[in-house]
Amino acid sequence: MTEVLADDGEPIAVPLGSRTRSPARRVTDALLGYLFLLPALVVFGLFAFFPLGRLVFDSVHRQPRFLNRPPTYQGFGQLKDTLTSDQFTSGLTHSAQFMLYSVPLGLVLGVLLAVAAHRRLRGIKVFQAIFSSTVASSVAVASVIFFTLVNPQVGYFKDVSWLSLDQPQSAMFSVALSSVWQNLGLTFIIVLAALQAVPEELNEAATLDGFGAVRRFFRITVPLISPALLFLAIVLVISALQAYAQIEVLTGGGPAGATETLLFKIADPKGIRPLHERAGLSLGLFALTGVVALVQYSLLSRRVHYGD
Amino acid sequence: MATDVTTLDGSSDAAPVAGPRPGRARSRWAAAGWYLVLTLLSVIVLFPVYMLLLRAISDPLAYVAEGQPLHPVAVEWDAFTNAFTEASLGRSMALSFVVTLVIVVAQLLTSVLAAYAFAFLEFPFKRVLFAVVIATLLLPIEVTLVANLQTVRDIGLLNSVPGLSVPFLASAFGIFLIRQGFLGIPRDLRDAATLDGYGHLRFLFRVAVPLTRPIIGSFVVISFLGAWNQYVWPRFATTEDSWQTVQVALRSIANDRVDQLNIGFAAAVIAALPLVVLLILFQRQIVRGLTAGAVKG
C-alpha cells in the first residue's frame, strides 16, 4: 500500500486494491459496507440504543392508572428522586456486597487452582478438565446446585451459620459463593492460559539468581499475568452487577430484602415497583456499567504490565 | 500404567516437575504432594455437583429423614423420567434448543457480515460506526430489560420464539472477534484474490471465512453457551409456563414440595448435559473463545 498524503500532509490510509479501482467501484464498496452492517445495526438500534432513550423517557414520566391515557411528564426531578431514594442506595449497597464477597474470593481461588494445575505431571489434564468443568454450569443450574447445599430446610449446610440464608450477611455470602463456584471454571481457564504464556526461561533465570518459589511467584508471575487478572476482575465485577438467578432461586431477595441487588429491584419479580422507578434504577445500573468500563479502560492503558 | 512405575533402574518418570530437578527422591515426594493438593482441590470443586447427583437419585423424604448423609438414600431413578412427564422438561428443552439455534445462527450471520465491512471495506463514518458497535457493550440486557420488555410487549412477542431471541440477534463481541480474525489474513492473499477477479462475496465465503474457521468456531461455541444459559430475559419475556426455557423452568425448585425436590434436581442435571457434551467435544474452542479478550487485554 503506497502512502498517500492529503493536502495538509497527513497520511491517508488507502483501502486495499483501491489503486486499481474506479470511483464507481469505491461507491459500490461503500454501499456494500453499509449493507453488511445494516442487520447488526438494526438489532443494536432497536434493542440497545432505543431502549436507552425509552428508559430516560420512562424515568421522567409517570404511567397513568388507566392504560388508555398517555404517560404524564414529571420532569428530571423524578429521576433524581429515584437515584437518591433508599431503593437505589440499598440496591447499590447489596450489589456492592455481592461484589465484595464474590470478586476477590473468585480471583484468589482461580489463581490457586491454576497454579496448582500448571505443572508437568502425568494425568494433569484430568485435573485441568475437572477445574474447568464448572463452565458447563449455567447460573440457573449453579443456583439449583447451591440449593442442595444452603437451602434452610433441605440444604446439606443448613446448620452452618456463616452460610445461613436466614441472616442478611450470611445469606448474601451464600448467594455470592454460588457465583464464585460457577465462575471458577472461567477464572481457572483464563489464569491457566496466562500462566502458560509466561516464558519458562524467566523463572529459571530467577531460580539461578536465588529467588525462592514465593518470591518468583509475586515478583515474576503475578506482574506477567496481571493483564489477565485485571480482565478477570472486570468480568467478575460485571457478572456480580448482573447476578439475578441465584438470588431468585436461593433467597427470593430475602431475608427482609437483604439480598435485593440493584438488578433484582429493576427486574422486580413480584411486580411491586412502578415503571418510572425501575427505569430510573436501570439508568443507575447503566451508569455503574459505564464506570466499570472507564476503570477498565484507564487501567488497561497504564499500571498493568504488558508482555509485548 | 503399573509397569511404567517400576522401570529397570527403579525410578519413576511419572513426575517430570517443571523447572530444575532436585534429585529423584525429592521430586517424587514433590509430585506426590502435588497429587494430594490437586485431588483435594478436585474434591472441593466437584462436591457441589456430587450433592446434586446424590439428591437427584435419592428419595427426598427418606434422605431428609436419614439426616442428610453424604451417600444416596433409597435410590430411585424415576426423578429423571418424572422431570419429563410431570415437569414437561421436554418442551422447555426443545424450546431452549430452538431459541439457542436462532440466536447462534443469527449472531454468526450478522457478525460475519459486519466484521467483513469493518475489516475490508471503506466507507464514510466507519470509525464512528465501529465505536457505536463497541458502545453496545455498555447496554447489556440487564440494563435495557425494562424498556425491551415494553417493546416486545407492544409488538405482541411475549411468549414466542421471536420474542425470546430478538434482542440477541447481533453481538458486539462476535463482530469484534471475527474482525480481528479477518484482519489477520495476509494482504497478499487479498491482492491475489482481487487479481483473480474475486468479488467481495466470493472473497468472503471462499477465502475469509474458511481461513478464520478456528475463530469463528470459537465464537459459535461461546455464543451457544451464552444463549443456552440466558436467564433474565427469558424469565421476564414469558408469562406462561409453557413458554419457559429450560433455565427458567429450573427456578420452580424454590416453590416445590419437599417430596418433589428430586424432580427439580434431576431437571438441573439434564439441563446441564448439553453443555457437558459441548465442553467435552469443543474444549479447545471454548478455551480459545474465553481467553480471547484476556491475554491481550
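Residues numbered from 1 in each chain as written. Chains lettered and ligands numbered in written order. Predicted model: local features only at pLDDT ≥ 70, side-chain atom pairs only at ≥ 80, totals over all residues. Heavy atoms only, no water.

## Some points on the overall build of chain B
Across its full length, chain B carries 16 helices and 0 strands. A buried classification covers 49% of the 297 residues belonging to chain B. Considering only intrachain contacts with a sequence separation of at least 6, the fraction spanning at least 24 residues in chain B is 68%. Accessible surface, chain B as shown: approximately 14200 Å² in total, 66% of it carbon and sulfur. (Helix = DSSP H or I, 4+ residues; strand = E, 2+ residues; numbered from the N terminus. Buried < 20%, exposed > 50% of the residue type's maximum accessible area, 1.4 Å probe, protein only. Contact = heavy atoms within 4.5 Å. Areas by Shrake-Rupley, 256 points an atom, 1.4 Å probe, with all protein chains shown as cover.)

## With respect to the packing of helix H6 (residues 168-196) of chain A against helix H16 (residues 283-291) of chain B
The interhelical angle for the contact between H6(A) and H16(B), taken along N-to-C directions, is 80 degrees, at an axis separation of 10 Å. One element, H6(A), and the other, H16(B), form an angle in the roughly perpendicular class. Only Val287(B), Leu290(B) and Thr291(B) of H16(B) make contact with H6(A), whose side of the interface consists of Leu186(A), Ile189(A), Ile190(A) and Ala193(A). Tallied by class, the residues present in the contact of H6(A) with H16(B) amount to 6 nonpolar, 1 polar and no charged. (Axes fitted to C-alpha atoms, helices over the stretch in contact; angles between N-to-C directions. Parallel < 35°, antiparallel > 145°, perpendicular 65-115°, else oblique. Nonpolar A, V, L, I, M, F, W, Y, C, P; charged D, E, K, R; others polar.)

## A few points about the confidence of the model for chain A
Here chain A averages 87 in pLDDT, and 90% of its residues register 70 or above. Scored below 50 in pLDDT, residues 1-15 of chain A shows 14 contacts in the model against residues more than four places distant or in partner chains. (pLDDT = per-residue confidence, 0-100.)

## Here we look at the packing of aromatic side chains
For the coordinates displayed, the defined rule picks out 27 aromatic pairs over all chains. Look at Phe173(B) and Phe219(B): their rings are 6.2 Å apart centre to centre, the planes differ by 50 degrees, and that puts the pair in the tilted class. Linking Phe173(B) in helix H9 (residues 172-183) with Phe219(B) in helix H12 (residues 213-229), this pair joins segments that are 46 residues apart in sequence. Ring pairs connect the aromatic residues Tyr34(A), Phe118(B), Phe123(B), Phe130(B) and Phe176(B), which therefore count as one cluster. Just above the ring of Phe120(B) sits the side chain of Arg190(B); from NZ or CZ to the centre is 5.8 Å. Between the NZ or CZ atom of Arg190(B) and the centre of the ring of Phe203(B), over which it lies, the distance is 4.4 Å. (Phe/Tyr/Trp six-rings, centres within 6.5 Å; stacked < 30°, edge-to-face > 60°. Lys NZ or Arg CZ within 6 Å of the ring centre and 35° of its normal.)

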